[in-house]
Amino acid sequence: MERIFKHPLISFKRGEIITFFFEGRELSAYTGETIAAALHANGIKDLRYSPIRNRPQGLFCAIGKCSSCLMEVDGKPNVRTCITPVKPGMIVRRQHGRGEISE
Amino acid sequence: MRLVSNLDLLVIGGGPAGLSSAIEAAKNGLTVLVVDEGVSSGGQLVKQTHKFFGNESFFASVRGFEISRRLTEQLNSLDSARIQNESSVVAIYPDGILVHDMRNDHTSLLKPKKIVLATGASERFIQFENNDLPGVYGAGAVQTLMNQFGILPGRSVLMIGSGNIGLIVSYQLLQAGVEVRAILEASNRIGGYQVHADKVRRVGIPILLQHTILRAIGEESVRGAVISKLDERWSPISGTERELVVDTICIAVGLLPSIELAAQAGCEMKYVQELGGYVPLRDEDMRTSIDDIFIAGDAAGIEEATTAMIEGQIAGLAVVSDLTKNSIQERLKYLKDTLRKFRSGPTSSKTRAGLSKLGSKFEEVSFTNGNQNDFTKYTGKMRPLIECFEAIPCNPCETSCPAGAISIGDNINSRPIIDYSKCTGCGICATTCPGLAIFMFRENKDGTCSVGIPYEFLPLPAEGQYVTALGRNGEAICKAKVEKVVKSANKTNLVYISVLREYASDVRHILVPSKESGAMVCRCEEVTVDQVRKAIKEGYTDFEELRRYLRIGMGPCGGRTCRLNTLMILSEETGVPVERLSPGVFRPPSIPVSFKALGEGRVDGYEE
């Protein structure tokens, strides 16, 4: 989805533009954004596939309280991407199942 | 693992309750650490863009994100307090509290003397088919994306739930430029404050009572939703199903207190439905059944940010009272009184019922109903019309009025009483009112009325521009000319429009025509609305000039399609009514005709 640049009440203070990797694709983000927010800004809503029924899951609570946005970040599974800031060069993958450590 | 001691107070959660308790404790010299999971502190305040209700000492009429900034700043200015973001409490063990620093991926074991649990709440999740599809969000997540990070959650939203959160987030979606198709409410009445419901209705969002969602449609993400009417027993009525094309479903059906740590620590818990679920028992000082553990804010029972801040301050001061000899009893008493008054109105009856189950006692308190009976006596004077019909805990109209014309009185739940003889018609109350429920009004001698409308959308109309005046349900009532636009520092601007007096009592909002339009005005010469507007701005303010410049009206249709449309745009842009504009020359041929036909023509009555 797109970013909001004109808003009647809020002036968004965005950081520097950085790039990170999602499933091998290079995407851009602003520093200060969470991984899940940055993926949304790039139109990516399905963040992981559930462990039992293999269903796509997206952002649900955005404050680290549900399990919906768990992804594999820099080889580490089960990262709460809704409260983890995106960093330059970060390697983010959809998590399938319960996640495996793949350093 | 590291061991950290010498800490007087550990506050878990950096939202309104946590920050408030930390500030009170640190002001009294205690060493305080606030641990918060977020990338920045402020909890849910960081994404609240509406102005808060409540009273002045608790940031009434200040927007949520601004409150969060001020609280964080205040805490950071205190030497003995510190906030640690991106950190979660993993467990509360008898020998210490295990904190995970997510930034460095290491843990510490803290041994504070006291703990304030201000862990907030989580989103209630309702059951319908496909409710786990990407594109189904809790209302808080939509706010995070949209208001904290400035990212649109989608283009078209179905809102489930008409409590204050559902209503507020719907309004915010519209402010961000997202369409809200409908707000569904399972019961037969709107859950939130009337002023919030009025706001969403006048922008044209339908609130469908006795409706529910049956399923989300989509494979990889939401493409639509099936909704249905409900009968009195809340069962879907077969045959009333309807499909809506939306890419986002937002769930705002309530919150659950986040009590995992409290329960883990051994605090005695009780299920209190009115407070949102399981909550720890506590006394008036917010002390749980464990002496050294306090609780505040939504984790103690779902309410709202003002009461969370007051509860936080009470908990912080109770800790001060435990650990120091500082005399804080007077302030503590004041806070408890304020909290009691805040909760004394009809909109807090659920909270009172819930708290009674935890042993709190509430006396009957009286509050006055508003009065603006004198309104008609002051016909012809610019004055506010206050459409605040529900006793809610709020008084910025009173405190902001420079003339002292509005009074709420001792009980903050009372409705405003206005003395029009003192009112100067300045409009400050209308820009301050958190419910956007105050409109300015003046009957003019020429049979029109000037109506001042609090407006929080883009684009702002220009003076002299024509807009569509909308009624209480977002219906178009008439065209209206903008008299003036008064910009306000708090971004609730006042747009004064002029409408016929017979419409004035119905007009509550405006629709500003979209400035960007590639829509065609002239089919023959393919001239767009944008082109016409641009030409008018360049100074072509007459139909004949526009025709020569844009070729509008010079095509084969002879101007049948475009002439009046062009004149209407000209009227909107210049403020001159269509009837006073020159329609331009009507030139032959009025339909296309070949030269052959003309050349071989005969003159009637003459033989060749």
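Owing to the predicted nature of the structure, the values given are computational and were not obtained by experimental measurement.

Draft legend 1. Local environment of the pairing of strand S26 (residues 448-455) of chain B. Residues and elements named next belong to chain B. Among the eight residues in S26, eight count as buried, and that is most of the element. The two faces of S26 match: Thr448, Ser450, Gly452 and Pro454 on one face and Cys449, Val451, Ile453 and Tyr455 on the other face are all buried. Note that strand S25 (residues 438-443) and S26 share four bridges and pair antiparallel. Paired with arginine 442 across the strands is serine 450, a residue of S26.

Draft legend 2. A look at helix H9 (residues 349-356) of chain B. All names here are of chain B. Taken residue by residue, H9 has Thr351, Arg352, Gly354 and Leu355 as its buried positions. Mapping the buried residues of H9 onto a view down its axis gives an arc of 165 degrees, with all of them on the same face. Its buried side turned inward, H9 meets strand S19 (269-272).

Draft legend 3. Structural view of the interface of chain A and chain B. Counting residues at the interface gives 35 residues for chain A, matched by 52 residues for chain B. Of the roughly 3600 Å² buried at the junction of chain A and chain B (both faces included), carbon and sulfur atoms supply 59%. Of all residues in chain A, Pro8(A), Leu9(A) and Phe60(A) give up the largest surface area on contact with chain B, accounting jointly for 21% of the area buried on that side. For Glu37(B), the salt bridge goes to Arg80(A), with nearest N and O atoms at 2.9 Å.

Draft legend 4. Up close: the pairing of strand S15 (residues 224-229) of chain B. Residue and element names in this part refer to chain B. Counting buried positions along S15 gives five out of six residues, so the element sits mostly inside the fold. Sheet topology places strand S14 (residues 211-217) next to S15; six bridges connect them, and they run antiparallel. Bridge pairing in S15 links isoleucine 217 to glycine 224. Direction of pairing for S15 relative to strand S16 (residues 242-244): antiparallel, over a ladder of three bridges.

Draft legend 5. Representation of the sheet that holds S15(B) within the structure. Residues and elements named next belong to chain B. Across the sheet, three strands lie side by side as S14-S15-S16; this open sheet has antiparallel pairing. A strand with exactly one partner marks an edge of an open sheet, and here the two such strands are S14 and S16. Between one strand axis and the next, the sheet turns through 30 degrees on average, direction left out of account.

Draft legend 6. Summary view of the packing of helix H4 (residues 164-175) of chain B against helix H5 (residues 194-202) of chain B. Residues and elements named next belong to chain B. For the pair H4 and H5, the least separation of the axes is 9 Å and the interaxial angle reads 35 degrees. As H4 packs across H5, the resulting crossing turns out to be left-handed. In this structure, H4 uses Asn164, Leu167, Ile168, Ser170 and Tyr171 to contact H5, whose residues at the interface are His196, Ala197, Lys199 and Val200.

Draft legend 7. Seen up close, a nonpolar patch on the surface. A contiguous nonpolar patch, built from Val593(B), Phe595(B) and Leu598(B) and spanning about 360 Å² of accessible area, is present on the exposed surface. Relative to the helices and strands, Leu598(B) is located in helix H16 (residues 595-599).

Draft legend 8. Layout of the side chain of Gln175(B). For Gln175(B), the position within the fold is in helix H4. Take Gln175(B): its relative accessible area is 6%, and that puts it in the buried class. Within the structure, the side chain of Gln175(B) is placed 3.1 Å from the side chain of Glu456(B), a separation counted as a polar contact. Those residues in contact with Gln175(B), other than ones at most four positions away along the chain, are His7(A), Pro8(A), Leu9(A), Thr49(B), Glu456(B) and Phe457(B).

Draft legend 9. Fine view of unusual backbone geometry. All names here are of chain B. Cis rather than trans, the peptide bond between leucine 458 and proline 459 has omega equal to -5 degrees. Note that proline 459 resides in the loop between S26 and strand S27 (466-470). In this structure, serine 61 is a non-glycine residue whose phi angle is positive, near 70 degrees. Among the residues examined, serine 61 registers a relative accessible area of 13% and is labelled buried.

Criteria and thresholds
Residues numbered from 1 in each chain as written. Chains lettered and ligands numbered in written order. Predicted model: local features only at pLDDT ≥ 70, side-chain atom pairs only at ≥ 80, totals over all residues. Heavy atoms only, no water. Buried < 20%, exposed > 50% of the residue type's maximum accessible area, 1.4 Å probe, protein only. Helix = DSSP H or I, 4+ residues; strand = E, 2+ residues; numbered from the N terminus. Pairing = 2+ DSSP bridges. Arc of directions from axis to C-beta. Contact = heavy atoms within 4.5 Å. Buried area = accessible area lost by both parts, 1.4 Å probe. Salt bridge = Lys/Arg side-chain N within 4 Å of Asp/Glu carboxyl O. Axes fitted to C-alpha atoms, helices over the stretch in contact; angles between N-to-C directions. Left-handed = near helix turned anticlockwise from the far one by under 90°. Patch = residues over 30% accessible without salt bridge, like charges linked within 9 Å, V, L, I, M, F, W, Y side chains within 5 Å. Areas by Shrake-Rupley, 256 points an atom, 1.4 Å probe, with all protein chains shown as cover. Polar contact = N/O pair within 3.5 Å; in protein donor to acceptor, adjacent residues only side chain to side chain.

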